[in-house]
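Each chain, letter by letter, is given below.
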Amino acid sequence: MILVFIGSPGAGKGTQCEQLSRHLSIPHLSTGEILRKAKADGTPIGKKIAAVLDCGELVSDELITKIVDERTLNPDCKNGFLLDGFPRTIPQADLLGEMLSRRNQQLSGVVYLRVPREEVFERLTQRYKEMETPRPEDHPDAIPKRFEVFAKKTEPLLDYYIERELLHRVDGTGTPQNVFERVLNIVSMLGV
Ligand code: AP5
Ligand code: MG
């Protein structure tokens, strides 16, 4: 099972993937987490991308695709994996398709978590207040930029995956458990 999770900033991709990863015993690969770790560790890549991450812009398609390509070759991915936050642009989706077909694999489905903008704004500002070391991009002044990037670069992926009959819309409102039940309905429909 190879599933992609798409959703605006704060839609609950990480929250849902974490739970689904335990449920299916397949890894949860969050490109945001991988990049934040590189930044925190001060690796050469981390230093290069720090400013991009903090302002909510996207890192380059080449860099992120290389990271995903390498990470998914890890043996823990042999039974599948959950992609949280990748692909995020049409070129990334094309590169993912090429990578999977090179390996004779295919995408099982794409889950699109839908949450109204006012609600995700509230979730992110809440997280900014609560975290000991807040994510700079959760600052209320940085959030609009992330929405803008999502609308411009990522939303076109919805039509891209509708055309390929892979898109499944999930209402991302309600409690995390409510949302998880909806996600599980999709997963069982896909045959796992
Ligand atoms: P990334 O880490 O993916 O950030 P994001 O998409 O902006 O979204 P979040 O992680 O903030 O939200 P989420 O949807 O995971 O929700 P979560 O479960 O945390 O990416 C960060 C950056 O990395 C990007 O801006 C970019 O710079 C770079 N990057 C990453 N991937 C890239 C790519 N492919 N290409 C280029 N650049 C890339 O939940 C949010 C909050 O809400 C939490 O506090 C949570 O507890 C709460 N919550 C969750 N569910 C619910 C619920 N049902 N009800 C109430 N609260 C809830
Ligand atoms: Mg996340």
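Located above this text is the structure these notes cover.
Residues numbered from 1 in each chain as written. Chains lettered and ligands numbered in written order. Predicted model: local features only at pLDDT ≥ 70, side-chain atom pairs only at ≥ 80, totals over all residues. Heavy atoms only, no water.

Description of the side chain of K13
Basically, it comes down to this: Helix and strand assignments come from DSSP, with helices taken as H or I runs of at least 4 residues and strands as E runs of at least 2, each series counted from the N terminus. For every residue, the accessible area obtained with a 1.4 Å probe (protein chains only) is divided by the maximum for its type, and the residue is called buried under 20%, exposed over 50%, and partly exposed between those limits. Neither His nor the chain termini are counted; the positive set is Lys and Arg, and the negative set is Asp and Glu. The salt bridge definition used is simple: a Lys or Arg side-chain nitrogen within 4 Å of an Asp or Glu carboxyl oxygen. Contacts are assigned to residue pairs that have any heavy atoms within 4.5 Å of one another.
One can find K13 in helix α1 (residues 13-24). D84 provides the closest opposite charge to the buried, unpaired K13, separated from it by 5.0 Å. When neighbours within four sequence positions are excluded, K13 is seen to be in contact with F5, I6, G7, S8, D84, G85 and L113.

Points about the sheet that holds strand β1 (residues 2-7)
What counts here: In this scheme, strands are said to pair when DSSP sees at least two bridges between them. Axis angles are defined between N-to-C directions and span 0 to 180 degrees, where every axis is a line fitted to C-alpha atoms and, for a helix, only to the segment in contact.
Reading across the sheet, the five strands line up as β2-β3-β1-β4-β5 and stay open at both edges, with parallel pairing between neighbours. Looking at which strands have only one partner, the edges of the open sheet turn out to be β2 (28-30) and β5 (167-171). Across this sheet, the average inter-strand angle for adjacent strands is 25°, counted without regard to direction. The sheet contact formed by β2 and strand β3 (residues 81-84) spans three bridges and is parallel. The partner of L29 across the bridge, within β3, is L83. Across the face of the sheet, helix α8 (residues 156-163) comes into contact with β1, β4 (109-114) and β5 while running at roughly 125° to β5.

Points about the pattern of salt bridges
According to the stated counting rule, one finds 17 salt bridges in the structure shown. Between E137 and R36 there is a salt bridge, and its shortest N-O distance comes to 3.5 Å. Within this pair, whereas E137 is found in the loop between α6 (117-130) and α7 (143-154), its partner R36 is found in helix α2 (residues 31-41), the two being separated by 101 residues in sequence. A relative accessible area of 8% means that E137 is categorised as buried. Accessibility expressed as a relative area gives 21% for R36, which makes it partly exposed. Across the pair D41 and K37 runs a salt bridge whose closest N-O atoms are separated by 2.6 Å. With D41 and K37 both in helix α2 and four residues apart, this pair spans about one turn of that helix. Since its relative accessible area comes to 48%, D41 is described here as partly exposed. On the basis of relative accessible area, K37 is assigned to the exposed category, the value being 52%.

Brief notes about the packing of aromatic side chains
Applied cut-off: Two rings from Phe, Tyr or Trp (for Trp, the six-membered ring) form a pair when their centres sit within 6.5 Å of each other. Planes less than 30 degrees apart are called stacked, planes more than 60 degrees apart edge-to-face, and all others tilted. Geometrically, a charge over a ring is one whose NZ (Lys) or CZ (Arg) sits within 6 Å of the ring centre while staying within 35 degrees of the ring normal.
As enumerated under the stated definition, the model contains one aromatic pair in all. Pairing Y160 with Y161 gives two aromatic rings, centres 5.0 Å apart and planes at 85°, and the pair type is edge-to-face. For the residue pair Y160 and Y161, the accessibility class agrees, reading buried in each case. Taking the ring centre of F147 as reference, the NZ or CZ of R117 above it sits at 4.5 Å.

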